[in-house]
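# Close look at the chain arrangement
In case you want the letters, here they are:
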Amino acid sequence: MKTYYIKNVLICGAAMLFLAGCSKGFLDRGSKTVFQDGNFWTSENNVKSYCWEFYNLFTGFGTGTNGDFYFTTFTDDQAARSLDLFPTTAPASNSHWDYTYIRKANLLLVRVPQMSALGDEARNHYLGVGRFFRAFEYANLVRHFGDVPYINGYLDQSDIEAIYAPPTPRAAVVDSIMADLQFAVANLRSIERSKALGDVNVLSREVALAYLGRVALYEGTYAKYVTGDAAAAGRLLQIAREVSGEIVGKGNFTLTPVYKDLYSSLDLSKNPEVILYKSYVSGVLTHSVIGYTNSSTMMSGLTKDAVDAFLCADGLPISLSGMYEGDDNISHTLAGRDLRLVQSVGDELAYIGNPDEKGFTSSTGYIITKFNNPALGASEVLAPNNPTDAPIFWLAEVLLNYAEASAELGLLTQADVDNTINLLRARAGVAPMSLSSLPDDPLRDSDVSPLLWEIRRERRCELIMDGFREWDIRRWGKLEYLDPAVKPSIFMGARLSAEDVSAADGLATDALGYILPYGLGTGRAVEVPKNYLDAIPTGELTLYQLKGIDFPQNPGW
């Protein structure tokens, strides 16, 4: 599988390098060995090659510090090595304002219907590929910027009026995203069908179902809690419930027995939980997540707020459980706790003035072990040589999406809980959730029901450091979670004894011995509604102004 995927990537990469090295005169002669738009769309293999580049959009572990996992520290789960702050002024540019892959998808959607070499099934499949990735990019655009120009055709560069289209309301863009993803669900090949054709670990109907559920849940809860559009919220949450429920109900995927195996395996091809993953291979494509959690560079450790969120094995929060032994040392903190916590951090603390035996330190004292694989060679542990595979879509998230959408709609049953949340809890060694006896956590927000509070907790713990938390906070309308004046424990780490505090030279702690990764008196300004959306880049606004087109800046910027 890895050889197949990498072979195609390398072929495409080699072709691009070849083209880059050709002189303009050679290209103008219409060489038989160089594809042009006029002679490219002649076979399914050509279309398949064209589509490989879209897979770059699945970041996975990334290649440096740009991955979806661990490096997404601007949350209440981790304390980065340096304090993350919201920008105060609008930047001239933003890497997320990018229509490159939308244009590529739109060209695919124009050319594929014109190909006589494709049968109806293949044609519809590749139209599904184009519409999936177009939706993928628009979902990211609206998540960052809200209202954005919506372009659903392949534009000539001379078509200035269409290129400089005014912003389309977010709700309308979301409707188009839903339509594209529903088309993809209806027309993409299933995993089994692709395997029969010799294609493995590729975009499939199952991936489209999982992603549609993810986006519909995001936009549905954003509409409910941030923009106040109840009608859109209900419609989108129903979509999220239905498509996630299809995966849950069919039972084609099952949870892998050990939670940590999802994040530390050299090969996810046989993992029963994984719907799509990113393959890494030593010497070909590697990442740095393990390297950054196994080096002298200080780790971005888990916050006290995150560690405290994990339940005890009896299914109760630490504020209510008799099993909780306190946090005066790491052994007590981890005793009788959710195995997802135990498998994510080490069993000793390391911090400024007290590195572990390998010389590692963490900003909060909690060493990150979730991604470690002891079978790796010495060079493979170093950044950027890490070869472990990264999940892109997997069952656990789908279970959580289904449970949350159902709860938001008031439709969650005990059977639903048993088929979703309680499967995750069983793997984590935590007692099952019962709708008839939900705990009422003293830390619960007054505007969040006990049921939603526990479902959100489950999501946080299951997907810890997986790149979801930053966006979950936004869609729930809970940006204040990033303000230490509201939640002081987000700027706190592990608790040390008085003896350990006095022995740790240069370490900041509070009066109770909790590590303060950013020192005493540090704050973070959170502005609402400003910080719910990125600013429209001023460079883009200037271009629109030069064309005489009004393009409003986002609120507060």
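Here, the structure is the one placed above.
Reference entry: report on the structure contained in this document. (Residues numbered from 1 in each chain as written. Predicted model: local features only at pLDDT ≥ 70, side-chain atom pairs only at ≥ 80, totals over all residues. Heavy atoms only, no water.)

## Considering the state of the cysteines
- Overall, the coordinates contain zero disulfides when judged by the stated rule.
- Distance from the sulfur of Cys 461, which forms no disulfide, to the nearest cysteine sulfur (Cys 312) is 11 Å. (Disulfide = S-S within 2.5 Å.)

## With respect to helix α10 (residues 205-227)
- Over its 23 residues, α10 runs 31 Å from end to end, which matches the ideal 33 Å to within 8%, given 1.5 Å per residue.
- With 17 of 23 residues buried, α10 lies mostly within the body of the structure.
- One or two steps after α10, the chain reaches Gly 228, where phi turns positive at roughly 70°. (Helix = DSSP H or I, 4+ residues; strand = E, 2+ residues; numbered from the N terminus. Expected span 1.5 Å × (residues − 1). Buried < 20%, exposed > 50% of the residue type's maximum accessible area, 1.4 Å probe, protein only.)

## A short note on the pairing of strand β4 (residues 390-394)
- In terms of burial, β4 is a largely internal element, five of the five residues being buried.
- The pairing of strand β1 (residues 274-278) with β4 spans four bridges and is classified as antiparallel. Among the inter-strand pairings, Val 274 is bridged to a residue of β4, identified as Trp 394. (Pairing = 2+ DSSP bridges.)

## Details of the nonpolar core
- One finds Phe 132, Tyr 138, Ile 177 and Phe 371 to be the most contacted residues of the largest nonpolar core, which totals 147 residues.
- Apart from residues no more than four positions distant in its own chain, Ile 177 is found in contact with Ala 135, Tyr 138, Ala 139, Val 142 and Val 215.
- Grouped together as the second largest cluster of nonpolar side chains are five residues, Ala 79, Ala 80, Ile 490 and Phe 491 included. (Core = buried A, V, L, I, M, F, W, Y, C linked by side-chain atoms within 4.5 Å. Contact = heavy atoms within 4.5 Å.)

## Some remarks on the side chain of Thr 75
- As for its position among the elements, Thr 75 is in the loop between α4 (44-52) and α5 (100-111).
- Separated by 2.9 Å, the side chain of Thr 75 and the backbone nitrogen of Asp 77 make a polar contact.
- Apart from residues no more than four positions distant in its own chain, Thr 75 is found in contact with Arg 469, Glu 470 and Leu 482. (Polar contact = N/O pair within 3.5 Å; in protein donor to acceptor, adjacent residues only side chain to side chain.)

## Examining the packing of aromatic side chains
- In the structure shown here, the tally under the stated rule is 42 aromatic pairs.
- Note on Phe 40 and Tyr 50: the rings are 6.2 Å apart at their centroids and 50° apart in plane angle, and the pair reads as tilted. Taken as a pair, Phe 40 in helix α3 (residues 37-40) and Tyr 50 in helix α4 lie far apart in primary sequence, 10 residues in all. Summarising the burial analysis for this pair, Phe 40 and Tyr 50 share the class buried.
- Judged by centre distance (4.4 Å) and plane angle (35°), the rings of Tyr 138 and Tyr 150 are tilted. In this pair, Tyr 138 is assigned in helix α6 (residues 120-145) and Tyr 150 in the loop between α6 and α7 (160-163), connecting sequence segments 12 residues apart.
- Residue classification places Tyr 138 among the buried positions, given a relative accessible area of 0%.
- It is Arg 456 that lies over the ring of Tyr 225; its NZ or CZ is 5.2 Å from the centre.
- The ring of Trp 557 carries Lys 530 above its face, with NZ or CZ at 4.4 Å from the centroid. (Phe/Tyr/Trp six-rings, centres within 6.5 Å; stacked < 30°, edge-to-face > 60°. Lys NZ or Arg CZ within 6 Å of the ring centre and 35° of its normal.)

## A look at the pattern of salt bridges
- One pass over the full model with this rule turns up 44 salt bridges.
- Lys 195 is paired through a salt bridge with Glu 192; the nearest N and O atoms lie 3.9 Å apart. Placement of the pair is Lys 195 and Glu 192 together in helix α9 (residues 191-196), with a separation of three residues, close to one helical turn.
- You can call Lys 195 partly exposed: its relative accessible area is 45%.
- A single network of salt bridges, built from pairs that share partners, joins Glu 273, Asp 338, Arg 340, Arg 425, Arg 427, Glu 458 and Glu 462. (Salt bridge = Lys/Arg side-chain N within 4 Å of Asp/Glu carboxyl O.)

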